Amino acid sequence: MQAVAVTDLTTRPSSPSEPDGPTRAHWWILVIIAGAQLMVVLDTTIMIIALPSAQHSLGFSNADRQWVVTAYTLGFGGLLLLGGRISDMVGPKRTLMTGVIGFAVASALGGASQTTVMLIGARGLQGMFGALLAPSVLSLLTTTFSDPRERGRAFGIYASIAIGGAAFGLILGGFLTQYLDWRWCLYVNLPIAGTVALGAFTMIPKRAGHAGVRPDIPGVVLGCGGLVALVYGLGEAAADGWSSTGVVVPLVAAVALLSLFVLVQMKASNPLLPLRILANRNRGGSFLTIIFAVLGMYGTFLFLTYLLQTVDHYSPLKTGVAFLPLMTVNGLAATQLASRLMPHVRTRLLVVPGLLLAALGVALLTGLTPGAPYVTHVLPTELLLGLGLGIALVPCISTATSNAEPRDVGITSATTNTSQQIGASIGTALLNTIAATATASYLASHGRTADLVARATVHGFATASWWAAGSLVLGAVVGGILIDAHPGRAVDERRPAATTATG
């Protein structure tokens, strides 16, 4: 009976006699889709710590090692737009169920891998099915929670998972690898997927797709091909440098394919990505702000991970635990600050100070020295970064997905996820290259001893931290100029008309 009640609430306006706001069933739906989102985010980092053990078990080379991670990001980042349009065509519940089941099967194949090719192929399948379910998660979140207060709380939980899930993946990956086996970093998805699939089947109302939405084959080929080339080129830049053929060719191809994609979308009758989505000032500004914010965030995560493990010699598990303060503060900021303030203030009044706080936290890393205590040098960065991102990203993601046309909810959600993926890819590649270049320059001018190598490494992190902080400041500037939404006021303006109609 709960599922029927949810269907009524999500498909027709409420009358004065109905309760205002989500029912208990809505919050169970949030638990379900939060579990699905956690599964996707975990797999961006959980295999990083397991790689040495997997390499020893399967015997693959260092060159093949990166593909265990890259295969996932290529499948996920490259097919998000297609996954979003499929969600609009057939309905978010169907795509969520298909994505979750497919993700579980791919995880089982990866855990049972006997060869390198089998493991890399399974990771690619995980990414593909992740690209199907991630837009459905955000689409269901958007349509289930429309009241500003409850929407703020729901998006606060979603943002906490999106940010903290990557750090939690490091903790869980270290624990499973150290105490069980690297294969459990993949098998762990099976109970999560089973719970999510059962909950989705019983609790989430079925919503039909939109008959007017048709597959845009040229758009799929150009858009997805361009995104795959972009993510691949950026990923290779982190290892090979920006001037290598394996980086230049994919990036040039990405520019060409994505330029053609825009031209095709302007003329297509059923475009894969309707340009009206990007033309909306608040939505387009949110997409750009998310890219700059995630760029700085992922670059900082990378520095801190390498600093703690290679310079401070933390174990993988201890490294993951060291991220707990960031996760805790981020969760509190997202659910207790941003979500409560969203209905009452303009979005930019949260985005700008939030990103500036995060930028201040990252800027503190520019004063790092080898052997600097965690409590005085790393912990303040984590606290400010977690606080700032928790305040800023919740309203950003909410604004990016607000007020989309019903036929565009899935693709709007997919574009929001794509913004995060692009920011993460650029942040990892660009900032890692800047850090490596600064380290090499330091060694060239100072010599190479064990002590100087540590100093050079930290110098590289400190140099790249300026760029990460700059990206967060740029995100604050873009958000302050372009985002002019006020969720609470928009709802207040609609209520008198609704009252008159019912009276």
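Sequence order sets the numbering: in each chain, residues are counted from 1 along the sequence as written. Per-residue local features are limited, in this predicted model, to residues with pLDDT of at least 70; the limit for side-chain atom pairs, both in listing and counting, is 80 or more; totals at the level of whole chains, interfaces and linings are taken over all residues. To obtain the side-chain values, all non-hydrogen atoms of the structure were included, while hydrogens and water were left out.

**Q** When you look at the nonpolar core in this model, what are you seeing that I'm missing?
**A** Generally speaking, a soluble globular protein has its nonpolar side chains buried in company with each other. With 116 residues, the main nonpolar core has Ile 33, Leu 96, Val 100, Leu 133, Leu 141, Leu 389 and Leu 472 as its most contacted residues. Here the element with the most residues in this core is helix 12 (residues 281-311); it accounts for 13 residues. Should any heavy atoms of two residues lie within 4.5 Å, those residues are counted as being in contact. Not counting residues up to four positions away in its chain, the partners in contact with Leu 133 are Ala 36, Met 39, Val 40, Thr 95, Leu 96, Gly 99, Val 100 and Phe 103. Membership of the second largest hydrophobic core comes to 18 residues, among which are Met 47, Leu 58, Val 68 and Ala 71. Among buried residues, the Ala, Val, Leu, Ile, Met, Phe, Trp, Tyr and Cys ones that are joined through side-chain atoms within 4.5 Å form a nonpolar core. Burial here depends on accessible area, computed with a 1.4 Å probe over protein chains only, as a share of the maximum for the residue type. Under 20% is buried, over 50% is exposed, and the range in between is partly exposed. A run of DSSP states H or I qualifies as a helix once it reaches four residues; a run of E qualifies as a strand once it reaches two. Both are numbered from the N-terminal end.

**Q** Looking at this structure, how should I read the packing of helix 12 against helix 15 (residues 348-363)?
**A** When two helices pack together, their arrangement is given by the angle between their axes and by how far apart the axes lie. Only C-alpha atoms enter the line fits that serve as axes; for helices the fit covers just the stretch in contact. Angles between N-to-C directions range over 0 to 180 degrees. The interhelical angle for the contact between helix 12 and helix 15, taken along N-to-C directions, is 15°, at an axis separation of 11 Å. Here helix 15 runs roughly parallel to helix 12, going by the angle between their axes. Crossing handedness for the pair helix 12 and helix 15: left-handed. Contact with helix 12, carried on its side by Arg 281, Thr 289, Ala 293 and Thr 300, involves Arg 348, Val 351, Leu 355 and Val 362 of helix 15 and no other residues of that element. Looking at side-chain class alone, the contact of helix 12 with helix 15 contains four nonpolar, two polar and two charged residues. Convention used here: angles under 35 degrees read as roughly parallel, angles over 145 as roughly antiparallel, angles from 65 to 115 as roughly perpendicular, and any remaining angle as oblique. Crossing handedness: left-handed means the near helix sits turned counterclockwise from the far one by under a right angle, and right-handed means the same turn made clockwise. Three categories are distinguished: nonpolar for Ala, Val, Leu, Ile, Met, Phe, Trp, Tyr, Cys and Pro, charged for Asp, Glu, Lys and Arg, and polar for the others, with Gly belonging to the last.

**Q** Would you mind showing me how to read helix 8 (residues 189-203) here?
**A** Since the α-helix advances by 3.6 residues per turn, residues separated by three or four positions end up pointing in the same direction. Multiplying 1.5 Å by the residue count of a helix minus one yields the expected span of that helix. Given a rise of 1.5 Å per residue, 15 residues ought to cover 21 Å, and the 20 Å separating the end C-alpha atoms of helix 8 matches this to within 8%. Taken together, the buried positions of helix 8 are occupied by Asn 189, Ala 193, Val 196, Ala 197, Gly 199, Ala 200 and Met 203.

**Q** How should the packing of aromatic side chains be read in this particular structure?
**A** Note on aromatic pairs: each is described by the distance of the centres and the angle between the planes. Geometry of aromatic contacts follows a simple scheme: Phe, Tyr and Trp rings, the Trp one being its six-membered ring, pair when their centres are within 6.5 Å, and the pair is stacked under 30 degrees between planes, edge-to-face over 60, tilted otherwise. Enumeration according to the criterion identifies four aromatic pairs in this entry. Ring geometry for Tyr 72 and Phe 76: centres 6.0 Å apart, planes at 10°, overall stacked. Of the two residues, Tyr 72 and Phe 76 both sit in helix 3 (residues 62-90), four residues apart, roughly one turn of that helix. Taken together, a centroid distance of 5.5 Å and an interplanar angle of 75° make the contact between Trp 184 and Tyr 187 edge-to-face. Here the residue Trp 184 and the residue Tyr 187 both occupy positions in helix 7 (residues 184-187), the gap between them amounting to three residues, near one helical turn. Relative accessible area serves as the criterion here: at 43%, Trp 184 is assigned to the partly exposed category. A residue is classified by how much of its surface remains accessible, and Tyr 187, at 22% relative accessible area, is partly exposed. The side chain of Lys 318 reaches across the aromatic face of Tyr 314, ending 4.3 Å from its centre. Geometrically, a charge over a ring is one whose NZ (Lys) or CZ (Arg) sits within 6 Å of the ring centre while staying within 35 degrees of the ring normal.

**Q** Whenever I open this one, the environment of Phe 168 confuses me. Can you help?
**A** Counting through the fold element by element, Phe 168 comes out in helix 6 (residues 148-179). With 156 residues separating them in the primary sequence, Phe 168 and Leu 324 have C-alpha atoms 7.9 Å apart.

**Q** Any chance you could explain the side chain of Thr 401 here in plain terms?
**A** Tracing the chain through its elements places Thr 401 in helix 16 (residues 374-401). We classify Thr 401 as buried; its relative accessible area is 2%. Polar contacts here mean pairs of N or O atoms no more than 3.5 Å apart (in protein, one a potential hydrogen donor and the other a potential acceptor; neighbouring residues in sequence count only if both atoms are side-chain atoms). Within polar-contact distance, the side chain of Thr 401 engages the backbone oxygen of Ile 397 at 3.1 Å. When sequence neighbours within four positions are dropped, the list of residues in contact with Thr 401 reads Leu 138, Thr 142, Arg 151, Phe 155, Thr 412, Ser 413 and Thr 416.

**Q** I tried to follow unusual backbone geometry on my own but got confused; where do I start?
**A** The phi torsion at His 313 lies on the positive side, around 60°, for a residue other than glycine. With respect to the helices, strands and loops of the structure, His 313 is situated in the loop between helix 12 and helix 13 (316-322). Using a relative accessible area of 64% as the deciding quantity, one classes His 313 as exposed.

**Q** Any chance you could explain the environment of Leu 308 here in plain terms?
**A** Turning to its location among the elements, Leu 308 is positioned in helix 12. Assessed through its relative accessible area of 0%, Leu 308 is described here as buried. Sequence-wise, Leu 308 and Ala 322 are 14 residues apart; in three dimensions their C-alpha atoms are separated by 8.5 Å. Sequence-distant contacts of Leu 308, that is, excluding residues within four places in its chain, are made with His 313, Tyr 314, Thr 319, Ala 322 and Tyr 374.

**Q** What am I meant to see in empty space enclosed by the protein here?
**A** Take a probe with the size of a water molecule and roll it over the atoms, and the empty space left behind shows itself. The distinction between a cavity and a pocket rests on a 1 Å grid over the protein atoms alone: a 1.4 Å probe fits inside a cavity but cannot get out, while a pocket stays open yet meets protein on both sides within 12 Å along at least five of seven lines, and a residue with an atom within 4 Å of a point counts as lining. Grid points are joined across faces, edges and corners, and a volume is the space filled by probe spheres set on the points. Counted according to the given criterion, the structure contains two cavities of 30 Å³ or more. The volume enclosed by the second largest cavity comes to roughly 30 Å³. Surrounding the second largest cavity, Leu 30, Ile 33, Ala 34, Val 137, Leu 141, Ile 157 and Tyr 158 form its lining. Those elements that provide at least two residues to the lining of the second largest cavity are helix 2 (24-58), helix 5 (116-144) and helix 6. Broken down by element, the lining of the second largest cavity gets its largest block of residues, three residues, from helix 2. Split by residue class, the lining of the second largest cavity holds seven nonpolar, no polar and no charged.

**Q** I keep staring at the pattern of salt bridges and nothing clicks. Help me out?
**A** One side chain can pair with another of opposite charge once the charged atoms of both are near each other. When a carboxyl oxygen of Asp or Glu is within 4 Å of a side-chain nitrogen of Lys or Arg, the pair counts as a salt bridge. Under the counting rule described, the total for this entry stands at four salt bridges. Of the charged contacts in the structure, one is a salt bridge between Asp 484 and Arg 348, with a shortest N-O distance of 3.3 Å. With Asp 484 in the loop between helix 18 (450-482) and helix 19 (487-502) and Arg 348 in helix 15, the pair connects residues that are 136 residues apart, well separated along the chain. You can call Arg 348 partly exposed: its relative accessible area is 22%. One network of salt bridges, in which partners are shared, links Arg 346, Arg 348 and Asp 484.

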